[in-house]
Every structure is written in C-alpha cells, then in structure tokens.
Amino acid sequence: MNQKFLSFLFLSTLGLGPAAAQKAASTTYSAAGKTAHVFATVQGSSQRLAAGGDLKFAPAAQPLETQVCVFVDPNHSFQTMLGIGGALTDASAETFAKLPKPQQQEFLKAYYSPTGGIGYTLGRTTIHSSDFSSGSYTYVADKDEALKTFSVKHDEQFRIPFIKQVIAAAGGKLTMYVSPWSPPGWMKTTGDMLHGGKLLPQYRQAWANYYVKFIKTYEQLGIPIWGLSVQNEPMATQTWESCIYTGEEERDFIKGYLGPTLAKGGLGSKKLIAWDHNRDLLFQRASTVLDDPEAAKYVWGIGYHWYETWTGSSMLFENEKRVKEAFPNTNLIFTEGCKEKFDMAKVNDWALGEKYGNSMIGDFNAGTVGWTDWNVLLDETGGPNHVGNFCFAPVIADTKAGKLIYTSAYYYIGHFSKFIRPGAKRISASSNRDALQTTAYRNPDGSVAVVVMNQTDKPEEFQLWMRGQGTKTTAAAHSIMTLVVN
C-alpha cells in the first residue's frame, strides 16, 4: 500500500468520513520536487532584493544538533496577513509635490507596484494635523460643536491628491485607516492641540461625531476608509499634537461615544483600533479595554508602536504574545515606527534596515496581522515637521537635486511586503541558532515565503528543512533573504 492510502486509512479511523479524510490527506504539505527562489539584500554588496540562484529540495534525514537549520512547517498555520504599508502624512504629500514628475512616478512604482516595487497594500493617515505637518490645523472653526463648518479643504492641496495617486498605483485598492493626534484645542482641558491635555467631557460626543464627519468626507472624495484608531499615543505628552487618555478613559469613550456613534452613523463595519502606542503598556491597555464587554464589542484590534526603546528597553515582543494569549480573537496591528533624529549623513546606515527586519520578524511571530511604517517619504531635512521632530523614512527625497534616496529600510521592508501578500497565513518557522531570525507565510496562491535575517558579522550556512525535505544555502553577514518556495 502506498503512503497516501495509508494516511487516508489512518484519518478514517479518527472518525473522518471518506471525503473529509481524503481532503485532510491531500492538504499535507510536501516540498518534494519543489524549488526555492532566493532574493537577498546584503550589506557591502550591490544586492538589493536581488534574485539569486534557485535551490532544489531533496530528501533530508533527521538533522543533527551540529547542523544549522531553519525549520518550516506549512501544516501549522496562524494569523492571516492584512497587509504591509506606511503612513501617507502631510509631510509625505508635501515632499512628493516637490519632486519632478518622473521621480513621483518612480516613487509610486517603488512602493506600490507588486512587481516593479515592494507592493505596499496598507496605509494610514491623520485626522487633521500631526507633527509631520507644516503647521497645526483642524477642520472646524473654534467652538463649532455642531461641526457646521467642517471642511477638509486644507487636505485638498497636497494630501488628498497624493493619496489618490497612491491608491491608483496600488491597483485601485488600499487598506486605509485614520488616526487623530489631538482634538481641536477648544475641546481640551488645556485649550491647546499641543502638549498633551485631555478631552473635556462636554465635548466627547462632538469629538466622536468628528471622526464620522472625517471618514464620510474622505469617502465622498474617493478615498475608502477601512478603519480608525481612537488616539495616537494616548499616554504621551508631546511638544506636538497630543491628547492623554488613561485606559479607563479610552474604554469609556469607546463604549459610551465613539463605538455607538460609528454604528449610528452607518460606520459600524469600520475596524476600530485601541491603544495605538508602545508595546510597554500594551497588555495593561488591552486588558483594561477588552475586559469590558461593552467596549470590547466595538474593538477590532489593538495597535502598537516600537518606541518603548526610548526607556533603554529592547523591543518587547513578549507583551504582544501576552495580549494574543489572553484575547485570541482580537487582532494585533503595528501602527507606527520610524528611526528618530534624522541625520542626512546616516541615510546609508545598515542598522536602519536591521531595525525594521528585527521588528517585523518579532511582530509577525507574536501574532500581528498588519504592519504600518510611519512616513513613506520625507525630505532632506527629515521633515517637514512643525516642531523640529525630524525623522528618517525608508525613502528620502533630495528635493534640491530632485532625486530619491533608498535607505536599507526600504529593502528590508520589501523582503516582507513584496513576497508575503494579503491573505497569506503565517506558518510555523523556527531556527536552531540565534544568529538567524525567521518567519514564514503561505500565500493564497500556495507559494511559501520564508524570511531569514542574519544580523551578525559572519555568514551562516544553513539548511532550509521542510517536513523531511531540505536545501542548503548561506545567509551572508548583515543580510536579509526571502526564499519563495513554489
């Protein structure tokens, strides 16, 4: 009897009928006869998402402990990929507008073409101004609680045309969500959009209405909105637009105002994201909101950033896992990250890309469904930014020379976004050496994408081992590679 028939008989003994047993047997993954196509980005070389040689799988026995391996098993799957992308801010839009037309087209292709670029499918934008705007502004006149003066005319100069071009470049569809940095100053305890402060209780309903107005206005202008977060960084008093919510205050605003107002406004299907701040307080905020059924029923997911490192901590991926363990039906989404303190002399630093690779592997392995970089494009100053909070972006525009500069971060992100597509399922992937970090997905077309990163100073030869089939390759020092198996 052949192996396939034995598997069929075994599954039948488990109580599966013939059809179910046949289906279960046929879904067992095998890499036999398959080829891994290698794409690599390597420090000190010209390789940038460069296609390498193809690798053939062959039968591979039980590995020894002395053999370096990356183990991938597509038969064990986890969360579904929503998408990977970046934020379409005022700063990005204003910088884009300063580029010559050929460089604008180059930018759009580089980010949003799945073949000629890295295939971004996810986007975030701001509800009125953030620090990455040329100045503070809102969409209503002071004290207009009824929002009769609501207008996004400000955005029609740069941001809205930019987003529309991005959507077209992405094939006509972009999963887009929106976030506020602060309510208008007159709605707050401080009377100021900047420097923290809190939403005044008497304006909670007006502020909830503001989200609805914004989403409906953008959609009327041809920009579909998939979701929204409650508040960007609700525990940070910044020199720029910011607003503070404790966990209890965010919970109560969601269940008493924002959730019901979205539902009443016909926007109940929009995905609502709580927290939208760093991993350090991630579990505390998630549990405060999600342990309340009246708040939790409105919440699609918990968003987070990577800036907990300002305390001297490393990135706290374990906190993501604690949330996923406690609330398995709630989604995790990375909503923002960038390298701060821009310095044009450091745009070629390899560490920029490795920071992204380290975060993305850790976040996806912890259960994250979507990953959103901060500004997709900034100028040669790391701005514009109206409070001098200049930062790096994966692509920098030298607006004086009219050219684009691609940092290592762009290529590192591309090793995920280009090869792991929306609808892909994360599958089991592990390494037996800490020098090699890895994650893997099975795409809707059946292909398997395995990302392997080596942050060390030494090349590492390893075997990609998939259920008794193996193939050998080398991860160069300070490199990232994606192996696509089909």
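The rules behind these values
- Residues numbered from 1 in each chain as written.
- Predicted model: local features only at pLDDT ≥ 70, side-chain atom pairs only at ≥ 80, totals over all residues.
- Heavy atoms only, no water.
- Pairing = 2+ DSSP bridges.
- Helix = DSSP H or I, 4+ residues; strand = E, 2+ residues; numbered from the N terminus.
- Axes fitted to C-alpha atoms, helices over the stretch in contact; angles between N-to-C directions.
- Contact = heavy atoms within 4.5 Å.
- Buried < 20%, exposed > 50% of the residue type's maximum accessible area, 1.4 Å probe, protein only.
- Arc of directions from axis to C-beta.
- Phe/Tyr/Trp six-rings, centres within 6.5 Å; stacked < 30°, edge-to-face > 60°.
- Lys NZ or Arg CZ within 6 Å of the ring centre and 35° of its normal.
- pLDDT = per-residue confidence, 0-100.
- Parallel < 35°, antiparallel > 145°, perpendicular 65-115°, else oblique.
- Left-handed = near helix turned anticlockwise from the far one by under 90°.
- Nonpolar A, V, L, I, M, F, W, Y, C, P; charged D, E, K, R; others polar.
- Right-handed = clockwise from strand over helix to strand, strands pointing away.
- Disulfide = S-S within 2.5 Å.
- Expected span 1.5 Å × (residues − 1).
- Bend = angle between axes of the 7 residues up to and from the residue.

(A) Structural detail: the sheet that holds strand β15 (residues 403-406). On the basis of which strands lie adjacent, the open sheet formed by three strands has the order β13-β14-β15 and mixed pairing. Whereas interior strands pair on both sides, the edge strands pair on one side only; in this sheet they are β13 (377-379) and β15. Mean inter-strand twist for the sheet, computed between neighbouring axes without regard to direction, equals 30°. Bridge count for strand β14 (residues 395-398) against β15 is four bridges, and the pairing is antiparallel. The partner of Ile396 across the bridge, within β15, is Ile405. The sheet contacts of helix α3 (residues 90-97) involve β13 and β14, and relative to β13 the element is tilted by about 65°.

(B) Representation of helix α5 (residues 159-169) within the structure. If you check which residues of α5 are buried, you get Arg159, Ile160, Phe162, Ile163, Val166 and Ile167. For α5, the buried positions fall inside an angular range of 160° around the axis, keeping them on one side. Those residues of α5 hidden inside the fold are in contact with α3, α4 (101-112), β6 (122-127), β7 (175-180) and α6 (204-220).

(C) Main features of the packing of aromatic side chains. For the coordinates displayed, the defined rule picks out 40 aromatic pairs. Taking 5.9 Å as the distance between ring centres and 40° as the angle between the ring planes, the aromatic pair formed by Tyr245 and Phe253 counts as tilted. Under the relative-accessibility criterion, Phe253 is labelled buried at 2%. Within the aromatic cluster, the residues linked to one another by ring pairs are Tyr137, Tyr139, Phe150, Trp207, Tyr210, Tyr211, Phe214, Tyr218, Tyr245, Phe253 and Tyr257. Cation over ring: Lys34 sits above Tyr29, and NZ or CZ is 5.1 Å from the ring centre.

(D) Region of interest: the pairing of strand β21 (residues 479-485). Counting buried positions along β21 gives seven out of seven residues, so the element sits mostly inside the fold. Here β21 shows no split at all, with Ser479, Met481, Leu483 and Val485 on one side and Ile480, Thr482 and Val484 on the other all buried. Two strands pair when backbone bridges link them, and strand β1 (residues 35-42) and β21 are joined in this way by seven bridges, in the antiparallel orientation. From the neighbouring strand, Ala40 faces β21, where its bridge partner is Met481.

(E) Region of interest: the confidence of the model for the chain. Predicted confidence across the chain gives a mean pLDDT of 95, with 94% of residues reaching 70 or more. For residues 1-26, every residue scores under 50 in pLDDT, and the model assigns this stretch 14 contacts once sequence neighbours within four places are set aside.

(F) Structural detail: unusual backbone geometry. With omega at 5°, the peptide bond leading from Gly383 into Pro384 counts as cis. As for its placement among the helices and strands, Pro384 is situated in the loop between β13 and β14. Residue Trp275 is not a glycine yet carries a positive backbone phi of 70°. Looking at the element boundaries, Trp275 is found in strand β9 (residues 271-278). Residue classification places Trp275 among the buried residues on the basis of a relative accessible area of 0%.

(G) Structural view of the packing of helix α8 (residues 282-290) against helix α10 (residues 317-326). Close contact between α8 and α10 brings their axes to 8 Å; oriented N to C, the two are set at 20°. Considering their axes alone, α8 and α10 lie roughly parallel with respect to each other. Between α8 and α10 lies a crossing of right-handed hand. Mapping the contact onto sequence places Leu282, Phe283 and Ala286 in α8 and Asn319, Glu320, Arg322, Val323 and Ala326 in α10. Considered class by class, the residues forming the contact of α8 with α10 number five nonpolar, one polar and two charged.

(H) Highlighting the sheet that holds strand β18 (residues 448-454). Taken in spatial order, the ten strands of this open sheet run β2-β1-β21-β18-β17-β16-β4-β19-β20-β3, and their pairing is mixed. Both edges of this open sheet fall to β2 (50-56) and β3 (58-59), since each of them pairs with a single strand only. Sheet topology places strand β16 (residues 425-431) next to strand β17 (residues 436-442); three bridges connect them, and they run antiparallel. Opposite Lys425, over in β17, you have Arg442 as the bridge partner. Those strands touched by helix α11 (residues 351-365) are β4 (69-80), β16, β17 and β18, and its axis lies near 55° from that of β17. Contacting β1, β17, β18 and β21, helix α12 (residues 408-417) crosses the sheet at an angle of about 20° to β21.

(I) Representation of the pairing of strand β11 (residues 331-336) within the structure. Where burial is concerned, most of β11 is hidden: six out of the six residues are buried. Across five bridges, the pairing between strand β10 (residues 299-305) and β11 is parallel. Within the sheet, the bridge partner assigned to Gly301 lies in β11 and is Asn331. As a crossover connection, the stretch from β10 through α10 into β11 is right-handed. As defined by bridge partners, β11 adjoins strand β12 (residues 368-375) across three bridges and the pair is classed as parallel.

(J) The side chain of Asn232, seen in detail. Looking at the element boundaries, Asn232 is found in the loop between β8 (227-229) and α7 (247-264). The exposure class of Asn232 is buried, given its relative accessible area of 3%. For Asn232, the contacting residues outside a window of four places in its chain are Arg124, Pro180, Trp181, Asp276, His305 and Glu336.

(K) Region of interest: the state of the cysteines. Enumeration according to the criterion identifies zero disulfides in this entry. The structure places no disulfide on Cys338, whose sulfur is separated from the nearest cysteine sulfur, that of Cys391, by 3.7 Å.

(L) Examining the packing of α11 against α12 more closely. Axis separation between α11 and α12 bottoms out at 7 Å; the angle between their running directions is 25°. On the basis of their axis angle, the class for α11 and α12 is roughly parallel. Crossing angle aside, the handedness with which α11 passes α12 is right-handed. From α11, Leu352, Gly353, Glu354, Tyr356, Gly357, Met360, Ile361 and Phe364 reach across to α12, where they touch Ser408, Ala409, Tyr412, Ile413 and Phe416. Of the residues belonging to the contact of α11 with α12, the class tally is nine nonpolar, three polar and one charged.

(M) Expanded view of α7. Under the 1.5 Å per step criterion, the end-to-end length of α7 is 24 Å for 18 residues, consistent within 8% with the ideal 26 Å. In the structure, α7 departs most strongly from a straight axis at Ile254, where the bend amounts to approximately 50°. All of the buried residues in α7 are Gly247, Glu250, Phe253, Ile254, Leu258, Gly259, Thr261 and Leu262. For α7, the secondary structure elements touched by its buried residues are α6, β8, β9, α8, α9 (293-296) and β10. Just downstream of α7, Gly266 is the residue with a positive phi angle, here 80°.

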